[in-house]
Amino acid sequence: MDKKIIITGASGLLGRECFKIFDSDNEWTVLGLAYSRSSDKLKRVDLTNFQQVASVFREFKPDVILHAAAERRPDVVEKEEDKTKQINVEATRNLCQLANELGAYVIFISTDYVFDGRNPPYKITDKPNPLNKYGLSKAEGEKVVMEYSSGNIIFRVPVLYGSVERLDESAVTVLFDKVKDSSQSAEMNHCERRYPTSCSDLAVALKILMDSRIKTPDLTGYFHWSGTDMMTKYDMALAMAQLFGLPSHHLIADVKPSTGAPRPYDCQLDCSRMESLGATKRTPFKTGIKSVLEKFYP
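Residues numbered from 1 in each chain as written. Predicted model: local features only at pLDDT ≥ 70, side-chain atom pairs only at ≥ 80, totals over all residues. Heavy atoms only, no water.

### A look at the environment of Leu-167
Here is step 1: Turning to its location among the elements, Leu-167 is positioned in the loop between strand S7 (160-161) and helix H6 (175-180).
Here is step 2: Those residues in contact with Leu-167 that lie beyond four places of it in its chain are Thr-173, Val-174, Phe-176, Asp-177, Lys-180, Leu-293 and Phe-296. (Helix = DSSP H or I, 4+ residues; strand = E, 2+ residues; numbered from the N terminus. Contact = heavy atoms within 4.5 Å.)

Quick look at the structure:
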């Protein structure tokens with residue numbers, strides 16, 4: 001029997017990978033939603049317009065809603081708090097309301113930034129304590145999702161990279177512009193610890209979770225997924241330079257905390273619940289990032 005999934009943010013970094021993996025499986029029927037980058041395959045929908053969303057959902061009748069759309073740039077959120085709330089919280093509320101009406105469940109893509117980074121690794125039972133407005137908006141979104149139904153899922157992930165259309169589409173790949181330009185020095189944060197995670201690996205993990213849920217309906221609540229390479233932005237930049245035989249003398253390690261929105265020091269996630277389902281594929285950072293960046297060099 002066909003299972004039906006709606007993916008919000010299907011034109012985004014993670015959404016594209018998830019759309020691809022579900023679209024290639026004959027047991028799933030997928031509808032991808034986008035807004036500014038809609039296409040022949042992706043339906044243009046404004047998630048903040050309840051009537052527009054309701055019309056699409058009621059016609060398609062999904063079993064699962066993978067909510068990957070979000071404002072995810074911490075420094076943007078600090079300046080556009082109200083706009084962020086519309087997409088990260090209010091749109092989430094709309095989706096949950098429709099999910100309840102249609103007998104579907106929601107998987108809400110959340111972030112390791114709901115934690116303060118002071119006491120890793122973070123278990124699924126640990127209480128959120130976000131340091132910035134982005135983390136606050138996602139924590140509020142989590143609360144909405146679980147208030148609507150205990151059958152919903154919160155899926156927390158760290159910084160992501162993948163097959164980007166532009167280098168600035170990911171906080172990881174954007175570093176490559178400065179790596180390539182050795183004519184001027186570039187400070188790279190060497191304080192906060194990150195766990196860059198491949199979107200293709202993450203899409204596989206999400207599909208494992210959803211396929212497992214069919215057999216085990218009590219797979220609800222909180223899940224974590226993350227890569228295992230602990231790196232600062234400086235470490236990532238050095239790795240990129242080494243992979244492409246580029247100079248690194250211009251890259252300067254900045255050991256002070258990031259400026260702008262406060263960032264947690266170390267939000268390592270305990271992923272044991274996902275690993276117990278068989279989600280173990282993790283592409284080493286150097287392997288994954290090389291394949292992503294090759295088209296941007298030389």
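### Comments concerning the nonpolar core
Here is step 1: Counting 65 residues, the largest nonpolar core has Ile-107, Phe-155, Met-210 and Met-240 as its most contacted members.
Here is step 2: Membership of the second largest hydrophobic core comes to 24 residues, among which are Ala-69, Leu-98, Val-106 and Phe-108. (Core = buried A, V, L, I, M, F, W, Y, C linked by side-chain atoms within 4.5 Å. Buried < 20%, exposed > 50% of the residue type's maximum accessible area, 1.4 Å probe, protein only.)

### With respect to the pairing of strand S1 (residues 3-8)
Here is step 1: Counting buried positions along S1 gives 5 out of 6 residues, so the element sits mostly inside the fold.
Here is step 2: As defined by bridge partners, S1 adjoins strand S2 (residues 28-34) across 5 bridges and the pair is classed as parallel. Paired with Lys-3 across the two strands is Trp-28, which belongs to S2.
Here is step 3: The handedness of the S1 to S2 crossover, carried by helix H1 (residues 13-23), is right-handed.
Here is step 4: Bridge count between S1 and strand S4 (residues 64-67): 4 bridges; the pairing is parallel. Bridge pairing links Thr-8 to His-67 in S4. (Pairing = 2+ DSSP bridges. Right-handed = clockwise from strand over helix to strand, strands pointing away.)

### Points about the packing of aromatic side chains
Here is step 1: Applying the stated criterion across every chain yields a total of 7 aromatic pairs.
Here is step 2: Taken together, a centroid distance of 4.3 Å and an interplanar angle of 10 degrees make the contact between Phe-115 and Tyr-122 stacked.
Here is step 3: Under the relative-accessibility criterion, Phe-115 is labelled buried at 1%.
Here is step 4: Taken together, a centroid distance of 6.4 Å and an interplanar angle of 65 degrees make the contact between Phe-176 and Tyr-297 edge-to-face. Of this pair, Phe-176 sits in helix H6 while Tyr-297 is found in the segment after helix H10 (285-293), placing the two residues 121 residues apart along the sequence.
Here is step 5: In this structure Phe-176 comes out as buried when scored by relative accessible area, which is 0%. (Phe/Tyr/Trp six-rings, centres within 6.5 Å; stacked < 30°, edge-to-face > 60°.)

### Topic: the state of the cysteines
Here is step 1: Under the counting rule described, the total for this entry stands at 0 disulfides.
Here is step 2: Cys-267 takes part in no disulfide bond, and the closest cysteine sulfur, belonging to Cys-191, lies 12 Å away. (Disulfide = S-S within 2.5 Å.)

### Quick look at the packing of helix H4 (residues 81-102) against helix H5 (residues 133-148)
Here is step 1: At a minimum axis separation of 9 Å, H4 and H5 run at an interaxial angle of 15 degrees. Compared by their axis directions, H4 and H5 come out roughly parallel. Of the two elements, H4 crosses H5, and the hand of that crossing is right-handed. Side by side, H4 and H5 meet where Glu-81, Thr-84, Lys-85, Asn-88, Val-89, Thr-92, Arg-93, Cys-96, Gln-97 and Asn-100 of the first sit next to Lys-133, Tyr-134, Ser-137, Lys-138, Glu-140, Gly-141, Val-144, Val-145 and Tyr-148 of the second. (Axes fitted to C-alpha atoms, helices over the stretch in contact; angles between N-to-C directions. Parallel < 35°, antiparallel > 145°, perpendicular 65-115°, else oblique. Left-handed = near helix turned anticlockwise from the far one by under 90°.)

### Observations concerning the pattern of salt bridges
Here is step 1: Evaluation of the coordinates by the stated rule reveals 21 salt bridges.
Here is step 2: Two residues, Glu-81 and Lys-133, come together in a salt bridge whose shortest N-O distance is 3.3 Å. Separated by 52 residues along the polypeptide, Glu-81 in helix H4 and Lys-133 in helix H5 bring together distant segments of the chain.
Here is step 3: For Lys-133, a relative accessible area of 28% translates into the label partly exposed.
Here is step 4: As a salt-bridge pair, Asp-266 and Arg-193 come within 3.6 Å of each other at their nearest N and O atoms. (Salt bridge = Lys/Arg side-chain N within 4 Å of Asp/Glu carboxyl O.)

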